[in-house]
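Now for the letters of each chain:
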Amino acid sequence: MTKFTFAQREEGFDNHIEHSIRGYTNLWTDVLKYSEYFVEDRSSVIDVGCSTGKLLKAMIKQNKFAPKADYFGIEIEEDFYEDYDKDEKENPNLKYFKGDVLDFEFKDATLVTSIFTLQFIPEHLRREIVTKIYKGLRTGGAFIFAEKTVSADPRIQEIRTFTYYDYKREHFTADDILDKERQLRHMMKLKTRKELIGLCAVSGFGMDNIDTFWQNHGFTGFIAIK
């Protein structure tokens, strides 16, 4: 079976995400606006699972008040690497780390983002990764992430799932939706909102400093401040 990768979608990764997640533009806007509260000169801004680098490049423009901030994108999927050299030449403060997040050194960060990435990382590694993020943040820095979540109530989950499928049918065929579900079943391991907040807590973040800020269907945005 051919390895599944979002980078190989015919419509392009960014367009695919826009059509797959209702309200994605609102999430995107919120993350950029939230970044203004954390980006600082002589600090690091890190995006885990940066894909095309679109978020980091937008963040550079959003935070022109901090021209000496350094931006790092971490991406393990080689299919996304095509434009990285061009991006780095056009944005001197931007660097890409082509490899595993476990091999990246988090330090002096005031903001770390991870948009729909943790759900594809093996469950036994997630605490180690979030702990690395926590330790690499400066006091007052933030971890902003978004994940597809499941409900603890099966009735709510059923309503959520089939309402989401109705939305996806506006952009994709039923066969495409089912094929994607089949391809992702061994890769995507979802958690409840409570479990994800708990993951942040056991990794070092205080319970009072973790909250959600966006949700649409089962997709949820979280913020945790050190």
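In what follows, the structure referred to is the one given above.
From a predicted model like this one, the values you see are computed outputs, not experimental measurements.

Thresholds applied
- Residues numbered from 1 in each chain as written.
- Predicted model: local features only at pLDDT ≥ 70, side-chain atom pairs only at ≥ 80, totals over all residues.
- Heavy atoms only, no water.
- Helix = DSSP H or I, 4+ residues; strand = E, 2+ residues; numbered from the N terminus.
- Buried < 20%, exposed > 50% of the residue type's maximum accessible area, 1.4 Å probe, protein only.
- Contact = heavy atoms within 4.5 Å.
- Salt bridge = Lys/Arg side-chain N within 4 Å of Asp/Glu carboxyl O.

Enquirer: I tried to follow the overall build of the protein on my own but got confused; where do I start?
Expert: Secondary structure assignment for the protein yields eight helices and seven strands. If you line up the protein on its principal axes, its C-alpha atoms span 50 × 40 × 30 Å. Looking at the protein as a whole, 48% of its 226 residues are labelled buried. Partitioning the contacts of the protein with sequence separation of at least 6, the portion at a separation of at least 24 is 77%.

Enquirer: For this particular structure, what's the right way to read the pattern of salt bridges?
Expert: Close approach of charged atoms allows side chains with opposite charge to pair. Tallying each qualifying case throughout the model produces seven salt bridges. Between Asp 108 and Arg 138 there is a salt bridge, and its shortest N-O distance comes to 3.9 Å. Linking Asp 108 in the loop between strand S3 (94–98) and strand S4 (109–115) with Arg 138 in strand S5 (residues 137–148), this pair joins segments that are 30 residues apart in sequence. Given a relative accessible area of 45%, Asp 108 falls into the partly exposed group. Linking Glu 123 and Lys 191 is a salt bridge whose minimum nitrogen-to-oxygen distance equals 2.5 Å. Here Lys 191 lies in the loop between helix H7 (174–184) and helix H8 (193–202) and Glu 123 lies in helix H5 (residues 123–136), a separation of 68 residues in the sequence. Relative accessible area serves as the criterion here: at 23%, Lys 191 is assigned to the partly exposed category.

Enquirer: Quick question: what am I supposed to make of unusual backbone geometry here?
Expert: Residues apart from glycine generally show negative phi values, whereas peptide bonds are mostly found in trans. Unlike most non-glycine residues, Ser 51 shows phi in positive territory, near 50 degrees. Mapping Ser 51 onto the fold places it in the loop between strand S1 (44–48) and helix H3 (54–62). Owing to a relative accessible area of 9%, Ser 51 belongs among the buried residues under this scheme. One non-glycine residue, Asp 108, lies in positive phi territory at about 55 degrees.

In short, shape yes, function no, at least from these values alone.
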